[in-house]
Amino acid sequence: MNKPLVAALSALAIAGFGAAPAVAAPSGTTQAGSVQAGVTPAAAAPHTKAPHVKALGFAGTVALSNCSGSVIRFPRSADSDPALVMTNGHCLETGMPGPGEVITGQSSSRSFTLLSSSGSRLGTLRANQVVYSTMTDTDVTIYRLTRTYAQIKSTYGISPLTVADTHPVAGTAIKVVSGYWKRTYSCNIDQFVYELREGDWTFKDSVRYTSACDTIGGTSGSPVVDTATGNVVAVNNTGNEDGERCTVDNPCEVDENGNVTIHQGINYAQETYEIPACFTTGNKLDLNASGCVLPRP
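Quick notes on the rules
- Residues numbered from 1 in each chain as written.
- Predicted model: local features only at pLDDT ≥ 70, side-chain atom pairs only at ≥ 80, totals over all residues.
- Heavy atoms only, no water.
- Phe/Tyr/Trp six-rings, centres within 6.5 Å; stacked < 30°, edge-to-face > 60°.
- Helix = DSSP H or I, 4+ residues; strand = E, 2+ residues; numbered from the N terminus.
- Buried < 20%, exposed > 50% of the residue type's maximum accessible area, 1.4 Å probe, protein only.
- Lys NZ or Arg CZ within 6 Å of the ring centre and 35° of its normal.
- Disulfide = S-S within 2.5 Å.
- Arc of directions from axis to C-beta.
- Contact = heavy atoms within 4.5 Å.
- Salt bridge = Lys/Arg side-chain N within 4 Å of Asp/Glu carboxyl O.
- Polar contact = N/O pair within 3.5 Å; in protein donor to acceptor, adjacent residues only side chain to side chain.

### A short note on the packing of aromatic side chains
Inspection of every chain in the model, using the stated rule, returns three aromatic pairs. Judged by centre distance (4.8 Å) and plane angle (35 degrees), the rings of Phe74 and Phe279 are tilted. Separated by 205 residues along the polypeptide, Phe74 in the loop between β2 (68-73) and β3 (82-87) and Phe279 in strand β17 (residues 279-280) bring together distant segments of the chain. Of the residues examined, Phe74 reaches a relative accessible area of 3% and is grouped as buried. Taking relative accessible area as the criterion, Phe279 reaches 4% and is therefore assigned buried. An angle of 65 degrees between the planes, with centres 5.2 Å apart, marks the rings of Phe112 and Tyr143 as edge-to-face. You can see Phe112 sitting in strand β5 (residues 111-115) and its partner Tyr143 sitting in strand β7 (residues 140-148), a full 31 residues away along the chain. Each member of the pair, Phe112 together with Tyr143, is buried. Across from the ring centre of Tyr149, 5.3 Å away, lies the NZ or CZ of Arg73, which sits over that ring.

### Description of the state of the cysteines
Chemically, a disulfide is nothing more than a covalent bond linking the sulfur atoms of two cysteines. Taken as a whole and judged by the stated rule, the model has four disulfides. Each sulfur of the disulfide joining Cys187 and Cys213 lies 2.1 Å from the other. Residues Cys187 and Cys213 share a disulfide whose torsion about the S-S bond is about -95 degrees; that sign makes it left-handed. With Cys187 in strand β10 (residues 183-198) and Cys213 in the loop between β11 (201-209) and β12 (223-226), this pair connects stretches of sequence that are 26 residues apart. The exposure classification of Cys187 matches that of Cys213, with both residues buried.

### Brief notes about helix α2 (residues 149-156)
For α2, the full list of buried residues reads Tyr149, Ile152 and Tyr156. Projected down its long axis, α2 shows its buried positions confined to an angular sector of 65 degrees, all on one face. The inward-facing, buried residues of α2 contact β2, β3, β5, β6 (121-134) and β7. Looking one or two residues past α2, Gly157 carries a phi angle of roughly 70 degrees, positive in sign.

### A short note on the pattern of salt bridges
Close approach of charged atoms allows side chains with opposite charge to pair. Under the definition given, this model contains six salt bridges. Between Arg208 and Asp190 there is a salt bridge, and its shortest N-O distance comes to 3.3 Å. Residue Arg208 is found in strand β11, and its partner Asp190 is found in strand β10; the two are separated by 18 residues along the sequence. Among the salt bridges present, the one from Glu195 reaches Arg197, with a minimum N-O distance of 2.9 Å. For Arg197, a relative accessible area of 34% corresponds to the partly exposed category. Salt bridges sharing partners connect three or more residues here, namely Asp190, Arg208 and Glu253.

### Structural notes on the side chain of Ser77
Along the polypeptide, Ser77 turns up in the loop between β2 and β3. Only 2.9 Å separates the side chain of Ser77 from the backbone nitrogen of Phe74, close enough to count as a polar contact.

Written out as structure tokens, the structure reads:
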């Protein structure tokens, strides 16, 4: 599911940014690879763009040591709540969670580089906890920071990105915003995948991009933003690089009847609309909350 970032950089030097396979860059010897998106996908029919596209920059995004991420809030979050950062499960600093594994409440001191709208470095944010991390059904890690949203706003003038609590819609114009590379990819949601299988991991109801989102190594964990609303609808995570069937770095699509299809070069993200229901007052995780369907430990 991942090549080390140095491999991605080598590929970039040969092929250039737009053509290199995109795989995540999780560091650490415990990781066999990391689900990360990208390669130049096959052409797909264009979709109609939203009539009023909201201008999007890098404000609210962060760069990790090996991945991308974003400072997020939920519709019911308060300015006084501790801020959260979202990235992929396979970007977890202690190694990728195994199939069926869910991590909650794990101590962390991970740092994140906060970016301005133009992509310049504003400062460093630090986590004190891995609130939630898994690669089962989805591919997400959520960190709790040592600062509140209000404190970040006061110091850096940056507001978090809001995670939408409704299912995304096929055809929606989106941007994948990578804090690691300080680069954005524009395309549309092509359709939704019943199951996406990669190695020993299975992701459910995944987002398939149209071909223009040819993400590369280091874009793992990037927020997928609806360009009309500015809200986060998914988190970027993987793509089929070599045309192999259901192997690491080569996820396959499986439909309700068990039929398997492969789309070499096509990239994917994991929906995030189910996450807000699992967080209550004070941005506290409650996997027993009404409407919360995230996998449990």
